[in-house]
Each structure stands twice: as C-alpha cells, then as structure tokens.
Amino acid sequence: PVKEPDAIPTIDQLSGTWQTFEREDWQGGIYALRYQTYTFRADGTGENLRGYYCNLDDNSNYLDHWVERADDRWADSFAYTYSNGTLTMDGISYTVTITDDGILCLTDPYQFQMKFVNTQSDPSLYEVCQKLGVDSSVPLRNTALQGTYTHIEPTKASDGTASLTATDYRFAPDGTGSQTIREYNPAEGKWDSITLSFTYQLEDMLYVTYDNGNRAYFEVFIIDAGIISISDDWEQYVKFVDNELAPTLEE
C-alpha cells in the first residue's frame, strides 16, 4: 500500500510534552543518551529541557543501566506561535508534521529534522528510544552475568529443508559456563547438539577461555530486561533472551 503523507497537527495535537533522544559513543566504553524535551502550552508559552543519561555513576564506575546526570541539565522558557504547520520559536520557523504512529517531526530551514515522542502516557526511556529507532542498549561492565541465554534463527538442514539453529550460553556465578549449539533435525524430529565448556571474566569485555584452549572476547550489551546482545567473531551483535523469561521455543 502507498504510505499516506504525514499530517499537519492541530494546535491541540501540538500541545503537550515531547521528547527526543540521541545516542553518543564516547571513548573508553562510555555511552550517553542526550535528550531534548519541548513542552508547548495552549497559551503560547513553552519550555525546553536538555540533559543526558550515561552508563557511569558519580565515582566513574561502569553501570549496566542508564543514570541521568541531573547536574548537567538545563531548561529555558520561550514563546511560540503556531499556524497551519509552521511553528516559530526563538526566531526560527519549523515545518511541523505528525506521522500516523504519533511521532512529531520538526524540520528547520536547513532541512534538518528532529523527531519527538509524546510523553503524556509517561513512556520509559527504552520505549521512547524504541519508537524513535535509537539504540538504548547498555554495555555490561564488571557485572554479575548469570543464567542461560538463547538465540534461535531459521536455517536449512543438509537436505535443504527448513530447520532451526539455537545457541545457548550458560553463565554460572563462579565464572564457569558453557556454549551449546543445537540444530533441529526435521527428518527425525529432534535436536542435535554440541556443547563446549569454558571459563569467563566480564571486565571491559567478556573474555572466554574454552576447555580446548581456544580464547575469544565479546562485547555484551543489555537491550532490555532479560534481553542481551553478544558480539560474534565478525563484530555483529546477536540478541539472546533469558530462558527464565522465554522458557519455550515459541516464546
């Protein structure tokens, strides 16, 4: 189907609070999510709030979640006018549209576009980033990694029939673990598997030493609760789900 063009919002649709995020990758495994929030009131006044979240605490320790640096945020007030898709504030005019899924787009005279999500329903940081297509994953650093995580992807069996391949990583608190690769055998209706045991350390990266002497290192990111991504040998990132959240194949 042909996509409908973005609509021009009414003043009632514009009124409210809108937020956007931008991810920044800093040196040394430090990441930030910069945000900008616009509040438009019906009386023609508004507020602009800016700040950022990062994965460091006040003592520069790595965290496995985002924390807001409240001391580094600032806000200012402004007056605005709005008419038929043109928003003017601080002497700059923006073309305003709203998508069919509720994302507000502000385009400046240089055709730079910012996209915002309405925060009336109080969405989480992760929900706003997901709607905007912004990576909100957090790298794991010096954090207890334990449990079993699984990735499943469609493959083909040796005879060309459709199959599934699953990779399970099991991490124990004592620094031992295992990697199990399972391939579904459609002809026999069962899984064939091979398991490698290893020891691991999670420091700036995940360092793995297999019992056969091979070594590997990976980056690990928390995508959301119970979902992590692990880089492979080709620096691609593969999502794994905690088995406690999705214990069955369908889940």
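Residues numbered from 1 in each chain as written. Predicted model: local features only at pLDDT ≥ 70, side-chain atom pairs only at ≥ 80, totals over all residues. Heavy atoms only, no water.

Attention shifts here to the overall build of the chain. Within the chain, the regular secondary structure consists of two helices and 19 strands. Referenced to the eigenvectors of the C-alpha coordinate spread, the extents of the chain come out at roughly 70 × 50 × 30 Å. With 251 residues in all, the chain has 40% of them scored as buried. Considering only contacts in the chain between residues 6 or more positions apart, those separated by 24 or more positions represent 41%. Summed over its atoms, the accessible surface of the chain is roughly 14,900 Å², and 47% of this surface lies on carbon and sulfur atoms. (Helix = DSSP H or I, 4+ residues; strand = E, 2+ residues; numbered from the N terminus. Buried < 20%, exposed > 50% of the residue type's maximum accessible area, 1.4 Å probe, protein only. Contact = heavy atoms within 4.5 Å. Areas by Shrake-Rupley, 256 points an atom, 1.4 Å probe, with all protein chains shown as cover.)

Time to look at the packing of aromatic side chains. Taken as a whole and judged by the stated rule, the model has 21 aromatic pairs. Following the ring pairs from residue to residue traces out a cluster consisting of Y169, F171, F198, Y200, Y210 and F240. In this structure, R34 packs its charged tip against the face of Y52, placed 5.0 Å from the ring centre. Taking NZ or CZ as reference, R182 lies 5.0 Å from the ring centre of W191, over its face. (Phe/Tyr/Trp six-rings, centres within 6.5 Å; stacked < 30°, edge-to-face > 60°. Lys NZ or Arg CZ within 6 Å of the ring centre and 35° of its normal.)

Checked against the element boundaries, D108 lands in the loop between β8 (103–107) and β9 (113–118). Separated by 2.8 Å, the side chain of D108 and the backbone nitrogen of Y110 make a polar contact. Among the polar contacts made by the side chain of D108, one reaches the main-chain amide nitrogen of F112 at a distance of 2.9 Å. Setting aside residues up to four positions removed in sequence, D108 forms contacts with S93 and Y94. (Polar contact = N/O pair within 3.5 Å; in protein donor to acceptor, adjacent residues only side chain to side chain.)

This part takes up the environment of D101. Its place among the elements puts D101 in the loop between β7 (92–98) and β8. Judged by its relative accessible area of 42%, D101 falls in the partly exposed class. In this structure the C-alpha to C-alpha distance between D101 and V117, which are 16 residues apart in sequence, comes to 9.7 Å. There is a polar contact of 2.3 Å between the side chain of D101 and the side chain of T99.

Successive side chains on a regular strand alternate, one facing one side of the sheet and the next facing the other. When strand β3 (residues 45–56) meets strand β4 (residues 62–68), the two strands line up antiparallel, connected through three bridges. Of the residues in β4, the one forming a bridge with C54 is V67. Where β3 folds back onto β4 in an antiparallel hairpin, the turn is made up of five residues, including S60, whose phi is positive at roughly 65°. (Pairing = 2+ DSSP bridges.)

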